[in-house]
Amino acid sequence: MFEITTDQIGKLNDADARELVGLLAEQEAIRNGADASSITFGGDQRAEDGGIDVRASLPDTVIASGYIPRRQTGYQVKAESFGAAKTNSEMRPGDVLRDAIQALGEAGGA
């Protein structure tokens, strides 16, 4: 058992923050009865990811709960201050909703 402080989290860069969220999501998936492979993340942090940095795709046999609220859940991970205006422009560049975000909504995801 270990404890991570808010100060330690505040020192993470984008790639390390994404890895932390991905690893935590894997453990949450396992806790919910899914395999860790239902969580995807990684690669070049600057690569086009369609607005999704960590993705949960839990099988239909799993009831999502806790930190993975829906079987299809996407996480955007930023290691910077990100207010409402920046969030909106990240999800809707050029005022057009990203395809990945649209697909999550159509799938009843989060």
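Placed above this text is the structure.
Residues numbered from 1 in each chain as written. Predicted model: local features only at pLDDT ≥ 70, side-chain atom pairs only at ≥ 80, totals over all residues. Heavy atoms only, no water.

As for the pattern of salt bridges
Counted only if it meets this: The term salt bridge refers to a side-chain nitrogen of Lys or Arg lying within 4 Å of a carboxyl oxygen of Asp or Glu. In DSSP terms, a helix is any run of H or I states spanning at least four residues, a strand is any run of E spanning at least two, and both are numbered starting from the N terminus. We call a residue buried when its accessible area falls under 20% of the maximum for its residue type, exposed when it is over 50%, and partly exposed in between, using a 1.4 Å probe and counting protein chains only.
In total, this model carries 5 salt bridges according to the counting rule given. Note that Glu28 and Arg31 form a salt bridge whose closest N and O atoms lie 2.7 Å from each other. Of the two residues, Glu28 and Arg31 both sit in helix 2 (residues 14-31), 3 residues apart, roughly one turn of that helix. Accessibility expressed as a relative area gives 54% for Arg31, which makes it exposed. Of the charged contacts in the structure, one is a salt bridge between Arg71 and Asp60, with a shortest N-O distance of 3.6 Å. Remark: Asp60 occurs in the loop between strand 2 (54-57) and strand 3 (72-75) and Arg71 occurs in the loop between strand 2 and strand 3; sequence separation between them is 11 residues. Asp60 sits in the exposed class, given a relative accessible area of 66%.

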